[in-house]
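In case you want the letters, here they are:
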Amino acid sequence: MSDFEHVFAEPPPGAAADWTISQNWCAYTQVEHDTWDTLYARQMKILPGRASDAFLNGLRALDLNTGGIPDFAVINPKLEALTGWTVHCVPGLVPDDVFFDHLANRRFVSGQFIRKPDQLDYLQEPDIFHDVFGHVPMLTDPDFADYMQAYGLGGQRAAGLGVLDQLARLYWYTVEFGLMESPDGLRIYGAGIVSSATESVFALEDGSPNRIAFDLERVMRTLYRIDDFQQVYFVVPSIEALKAATLQDFAPIYDRLRGAPEIAVDAVLPGDRVLTRGTQSYAARGGRFAA
Ligand code: HBI
Ligand code: FE
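As the structure is a prediction and not an experimental result, all values here were calculated from the model.

## Quick look at the environment of threonine 20
On the secondary structure map, threonine 20 appears in the segment before helix H1 (30-46). By relative accessible area, which is 16% here, threonine 20 ends up buried. Expressed as a C-alpha distance, the spacing of threonine 20 and valine 74, which sit 54 residues apart in the sequence, is 18 Å. Beyond its immediate stretch of four places on either side in the chain, threonine 20 contacts Gly14, Ala15, His88, Cys89, Val90 and His102. There is a polar contact of 2.5 Å between the side chain of threonine 20 and the side chain of aspartate 18.

## Side note on helix H4 (residues 96-104)
Because the α-helix completes a turn every 3.6 residues, residues three or four places apart line up on one side. Restricting attention to buried positions, one finds in H4 the residues Val98, Phe99, Phe100, His102, Leu103 and Ala104. At its buried positions, H4 is contacted by strand S2 (107-111), helix H6 (142-158) and helix H7 (164-176). Among the residues trailing H4, arginine 106 stands out with phi positive, at a value near 60 degrees.

## Observations regarding unusual backbone geometry
Despite not being glycine, tryptophan 19 shows a phi value in the positive range, around 80 degrees. Among the secondary structure elements, tryptophan 19 is positioned in the segment before H1.

## Examining the coordination of the iron ion (ligand 2)
Bound to the iron ion (ligand 2) on the protein side are His130 (NE2), His135 (NE2), Glu176 (OE) and Glu176 (OE), at distances that span 2.0 to 2.8 Å. For the iron ion (ligand 2), the four donor atoms in the first shell make angles of 51 to 132 degrees at the metal, so the coordination geometry reads as irregular. Counting residues between consecutive donors of the iron ion (ligand 2) along the chain gives the motif H-x4-H-x40-E. Taken as a pair, histidine 130 in helix H5 (residues 128-135) and glutamate 176 in helix H7 lie far apart in primary sequence, 46 residues in all. The class for histidine 130 is buried, based on a relative accessible area of 8%.

## Regarding the packing of H4 against H7
For the pair H4 and H7, the least separation of the axes is 13 Å and the interaxial angle reads 50 degrees. On the basis of the axis angle, H4 is oblique to H7. In the packing of H4 onto H7, the handedness of the crossing is left-handed. In this structure, H4 contributes Asp96, Phe99, Phe100 and Leu103 to the contact, and H7 contributes Leu164, Leu167 and Tyr171. Classifying every residue of the contact of H4 with H7 gives six nonpolar, no polar and one charged.

## Thoughts on the sheet that holds strand S6 (residues 232-236)
Spatially, five strands are ordered S4-S3-S6-S5-S7 in an open sheet, and the strand pairing comes out mixed. On the outer flanks of this sheet lie strand S4 (187-188) and strand S7 (274-276), each paired with one strand and no other. Summarising the sheet, strand S3 (residues 179-180) and S6 pair through two bridges and their orientation is parallel. Bridge pairing links leucine 179 to valine 235 in S6. Along the sheet, helix H9 (residues 197-205) contacts S3, S4, strand S5 (210-213) and S6; its crossing angle with S5, the most-contacted strand, is approximately 65 degrees.

## So, the confidence of the model for the protein
Parts of the prediction with low pLDDT should not have their coordinates interpreted in detail. Residue-level pLDDT values for the protein average 94, and 97% of them are 70 or greater. This model gives residues 1-5 a pLDDT under 50, and the stretch forms 15 contacts once residues within four places in sequence are excluded.

## Thoughts on the nonpolar core
Ranked by internal contacts, the top residues of the largest apolar core, which has 82 residues, are Trp36, Phe55, Phe108, Phe144, Met148, Phe214 and Met220. The biggest single contributor to this core is H7, with seven residues.

## Section: the pattern of salt bridges
All told, the structure shown has 13 salt bridges when counted by the stated rule. The residue aspartate 127 makes a salt bridge to arginine 115 at a minimum N-O spacing of 2.8 Å. Note that aspartate 127 is positioned in the loop between S2 and H5 and arginine 115 in the loop between S2 and H5, a separation of 12 residues in sequence. The residues aspartate 127 and arginine 115 share a single accessibility class, namely buried. Arginine 169 is the salt-bridge partner of glutamate 262, the closest N and O atoms lying 2.9 Å from each other.

## Quick notes on the pairing of S6
Burial runs high along S6: five of the five residues are buried. Here S6 shows two buried faces, one formed by Val232, Phe234 and Val236 and the other by Tyr233 and Val235. Taking the sense of rotation as the criterion, the β-α-β connection linking S5, helix H10 (residues 216-221) and S6 turns out right-handed.

Cut-offs applied
Residues numbered from 1 in each chain as written. Chains lettered and ligands numbered in written order. Predicted model: local features only at pLDDT ≥ 70, side-chain atom pairs only at ≥ 80, totals over all residues. Heavy atoms only, no water. Helix = DSSP H or I, 4+ residues; strand = E, 2+ residues; numbered from the N terminus. Buried < 20%, exposed > 50% of the residue type's maximum accessible area, 1.4 Å probe, protein only. Contact = heavy atoms within 4.5 Å. Polar contact = N/O pair within 3.5 Å; in protein donor to acceptor, adjacent residues only side chain to side chain. Donors = N, O, S within 2.8 Å, 3.2 Å for Na, K, Ca; no water. Tetrahedral: all angles 85-135°; square planar, octahedral: opposite > 155°, others 65-115°. Axes fitted to C-alpha atoms, helices over the stretch in contact; angles between N-to-C directions. Parallel < 35°, antiparallel > 145°, perpendicular 65-115°, else oblique. Left-handed = near helix turned anticlockwise from the far one by under 90°. Nonpolar A, V, L, I, M, F, W, Y, C, P; charged D, E, K, R; others polar. Pairing = 2+ DSSP bridges. pLDDT = per-residue confidence, 0-100. Core = buried A, V, L, I, M, F, W, Y, C linked by side-chain atoms within 4.5 Å. Salt bridge = Lys/Arg side-chain N within 4 Å of Asp/Glu carboxyl O. Right-handed = clockwise from strand over helix to strand, strands pointing away.

Okay, here's the thing in structure tokens:
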């Protein structure tokens with residue numbers, strides 16, 4: 001999510017050259033541990049039947065519900081044994097090239113802080129609940145683990161080609177806000193949705209947003225919102241299919257994308273396979289700022 005303002009220009013004091021910092025787990029206060037438990041319990045009331053099996057299996061495999069903020073020293077050996085990934089704290093958003101390098105080496109970077117009790121519903125910057133509850137369980141799925149590493153490698157290659165905006169949209173509409181098909185209906189795998197009590201319901205059940213079958217170049221041309229619910233969600237048939245879509249030569253794709261106009265967040269195009277044609281009523285009412 002590279003639309004936020006405060007990305008540091010260089011590692012702040014105390015951070016390593018790769019921008020990582022110690023989690024300093026013993027410094028978390030009881031209020032912070034209680035906030036994790038509150039958020040976790042709230043999500044688990046609504047995610048069964050809404051989150052993908054891959055997510056729910058990952059949550060169980062890592063046992064993120066032992067009481068309080070997970071200790072990376074405890075979850076990393078479990079995660080690493082499953083897919084070779086580990087999670088590390090960083091002071092905040094890191095530059096794209098740093099982010100891509102970590103992903104390319106199967107290191108996921110996470111905020112070290114957790115939101116305040118009066119911020120449960122919305123925060124601008126990813127905190128440890130968004131990153132560890134939202135993103136990390138999916139990293140236990142071998143195909144998603146491969147996809148995320150391929151994304152990092154792709155980002156390193158794309159950096160010099162002037163297509164980072166297009167790549168950020170792919171991340172946004174899959175890793176952050178992706179939906180997938182399942183035999184029982186649509187399910188969530190995107191971290192931005194699965195870590196949000198309100199968007200977990202909105203993304204699947206509200207009549208307002210469009211839900212469109214995932215198409216790589218369509219997604220990479222589509223603008224997105226960082227300040228409110230998405231107006232479109234893209235749906236993949238499976239994580240395997242998502243991984244397969246990115247294991248191809250991107251050079252011709254980048255050539256086509258460079259000249260292609262951007263697509264508005266509420267657009268429906270003739271070539272789209274539309275699963276839900278939304279009313280956009282939520283956005284029309286002013287979204288979360290609605291009176
Ligand atoms: N840094 N800590 C952190 N977390 C992110 O999710 C993140 C980032 N830097 C860049 C970034 N995401 C975006 O460029 C992604 O869209 C690639
Ligand atoms: Fe995120």
